[in-house]
Amino acid sequence: MIKLILTLAAGAGMASAQWLNYPTAGIPRTRDGKPNLSAAAPKMADGKPDLSGVWMADGQTYFFDLAAGLKPEDVVMLPWAKELQQKRIDNEHGDDPLSRCLPHGVPRVNTNGLFPFKIVQTPGLVVILYEQMNLFRQIFLDGRTLAKDLNPTWLGYSTGRWDGDTLVIETSGLNGKAWLDTQKSRPATDALRVTERFRRTNFGTLEVVATINDPKTYAKPWTTTTQKMFLQLDTDILEFICNENEKDLPHMPVGK
Amino acid sequence: MNLWPLVLLATTASAQWINYPTPGIPRTPDGKPNLAAPAPRTADGKPDLSGLWEPAARGADPQFTDIAKNVAGGLPFQPWAADLVKARRADLNKDDPDGHCQPLGLVKMHLHPYPRKMIQIPGLLLILFERNTTYRQIFLDGRPLPEDPQPGFNGYSVGKWDGDALVVESTGFKDGLWLDISGTPLTDAAKVTERYRRWNFGNLEIDITVDDPKAYTKPWSIQVNQTIAPDTDMLEFVCQENEKDVPHLVGK
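Small disclaimer: the values here were computed from a predicted structure and weren't measured.

A. The arrangement of the overall build of chain A in detail. Helix and strand content of chain A: three helices and ten strands. Helices and strands appear in chain A in the N-to-C order α-β-α-α-β-β-β-β-β-β-β-β-β. For 256 residues, the compact-globule estimate of 2.2 N^0.38 gives 18 Å, and chain A sits close to it at 20 Å. With the C-alpha coordinates aligned to their principal axes, the bounding extent of chain A is approximately 70 × 45 × 35 Å. Looking at the 256 residues of chain A, the share that counts as buried comes to 50%. The long-range share in chain A, meaning contacts at least 24 apart out of those at least 6 apart in sequence, stands at 63%. Element-wise, carbon and sulfur atoms account for 56% of the exposed surface of chain A, whose accessible area totals about 12,000 Å². In chain A, which carries 29 positive and 29 negative side-chain charges, the distance between the mean positions of the two groups comes to 4 Å.

This is the structure in structure tokens:
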């Protein structure tokens with residue numbers, strides 16, 4: 001009888017609000033019923049790792065500084081870029097397009113640990129839904145190649161392939177307007193090509209590494225240290241409409 | 001005056017995946033997409049709604065301008081709602097959320113001219129929209145609609161199969177949505193039901209019923225027809241980038 005009451009109480013709790021407390025299906029559990037996030041990563045029917053789930057970056061370290069953990073000599077900016085970076089920092093990154101409700105660009109879009117994203121994986125297409133800015137990316141795994149002469153965009157054009165258990169995503173056709181990070185305000189141009197490597201090391205952990213290759217901005221390609229994303233249980237992405245009732249713009253610092 | 005062409009971005013068909021052949025499309029012997037082939041099914045035998053869809057009219061659905069276009073006798077407005085539509089039309093629909101880069105909500109998005117990609121997997125029907133590079137989730141995993149949800153432009157949607165039709169219920173809308181360019185209202189009391197039926201490979205029929213007692217004296221329905229857009233894909237569209245129209249949306 002008590003068990004029934006507890007179940008009813010739990011049910012009432014779950015139906016309230018939106019789906020912030022709806023239990024995620026298919027979570028491996030320990031014998032006492034707790035989620036076992038160190039269980040093995042799941043696989044799709046075709047044997048490939050299944051990256052599906054609601055994930056969130058661990059904190060905002062890479063959102064503030066994409067080169068976190070690297071040595072200064074690893075990231076070599078060309079002079080024009082260093083100048084621009086300093087201008088942006090002096091202006092307290094007030095010109096950040098992201099603060100004007102424009103998309104983050106790649107790979108910054110993965111890095112903000114305040115907002116989750118959802119990976120939906122099908123055999124020929126991986127879709128990532130981002131709560132921040134309510135955006136999506138399509139990563140095509142059907143063998144198509146990145147076209148030449150791409151119409152530049154904020155989030156680029158992405159193809160993916162499997163390298164063992166790692167999903168390797170190549171992105172180009174970026175418009176060079178997005179910043180690579182926030183506090184460090186690093187620039188890029190439309191020559192930027194990004195390679196992301198996503199590896200689900202266990203049920204609850206995704207490791208992401210990104211290589212920045214932009215010869216117009218950086219003297220050599222550079223690769224981030226490993227960023228961890230953690231599975232978010234019993235929740236879902238919410239609607240986030242940046243330009244609804246937007247009031248901050250008049251308060252943003254303007255360039256000196 | 002029809003304002004929505006002002007916010008259309010003229011994108012040229014340069015060489016991204018605008019002309020890449022879509023894998024898995026049934027074709028006739030000469031290689032053309034066979035839109036009359038039977039509708040595909042998923043492994044569990046249900047119709048598969050996946051595909052890139054656009055209005056059958058190729059452009060906006062005619063109901064995008066006036067959702068009551070095909071409703072015999074017009075919409076059963078509450079008096080305040082009829083007055084509101086008149087006032088909005090008189091003011092040249094200057095407050096249409098579309099012209100301010102706001103989300104359009106699920107009903108108006110079915111009528112919008114830009115393509116949308118439906119991706120159906122067990123437990124979820126995902127719709128990706130070219131318009132504003134945004135998405136909508138319809139949960140097919142048996143969860144109930146939330147009670148007392150945080151209101152949203154798209155609300156919250158759950159679906160289940162009724163034979164070969166997918167029936168979707170949505171609630172939790174924020175107040176003040178526009179169902180068309182004319183400014184036909186939807187309030188936060190609304191419950192919207194969609195019935196999706198893919199009757200062959202290339203054709204999708206969506207029956208939409210609006211049950212919104214705050215704005216209408218009884219429920220009313222429309223039908224939307226969409227066709228597959230083969231061998232192409234969505235572009236990125238970021239409405240608020242370099243947005244210059246708003247200062248000109250001044251009404252009369």
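Now that the structure has been shown, we can carry on.
B. How the structure looks around the overall build of chain B. When its secondary structure is counted, chain B shows two helices and eleven strands. Ordered by position from the N terminus, the helices and strands of chain B form the series β-α-α-β-β-β-β-β-β-β-β-β-β. In terms of overall size, chain B behaves like a compact globule, its C-alpha atoms giving a radius of gyration of 19 Å where 252 residues would be expected to give roughly 18 Å. Overall, the C-alpha framework of chain B stretches about 55 × 40 × 35 Å when taken along its three principal axes.

Calculation criteria
- Residues numbered from 1 in each chain as written.
- Chains lettered and ligands numbered in written order.
- Predicted model: local features only at pLDDT ≥ 70, side-chain atom pairs only at ≥ 80, totals over all residues.
- Heavy atoms only, no water.
- Helix = DSSP H or I, 4+ residues; strand = E, 2+ residues; numbered from the N terminus.
- Rg over C-alpha atoms; globule rule 2.2 N^0.38 Å.
- Buried < 20%, exposed > 50% of the residue type's maximum accessible area, 1.4 Å probe, protein only.
- Contact = heavy atoms within 4.5 Å.
- Areas by Shrake-Rupley, 256 points an atom, 1.4 Å probe, with all protein chains shown as cover.
- Lys, Arg positive; Asp, Glu negative; His and termini not counted.
- Charge placed at Lys NZ, Arg CZ, Asp CG, Glu CD.

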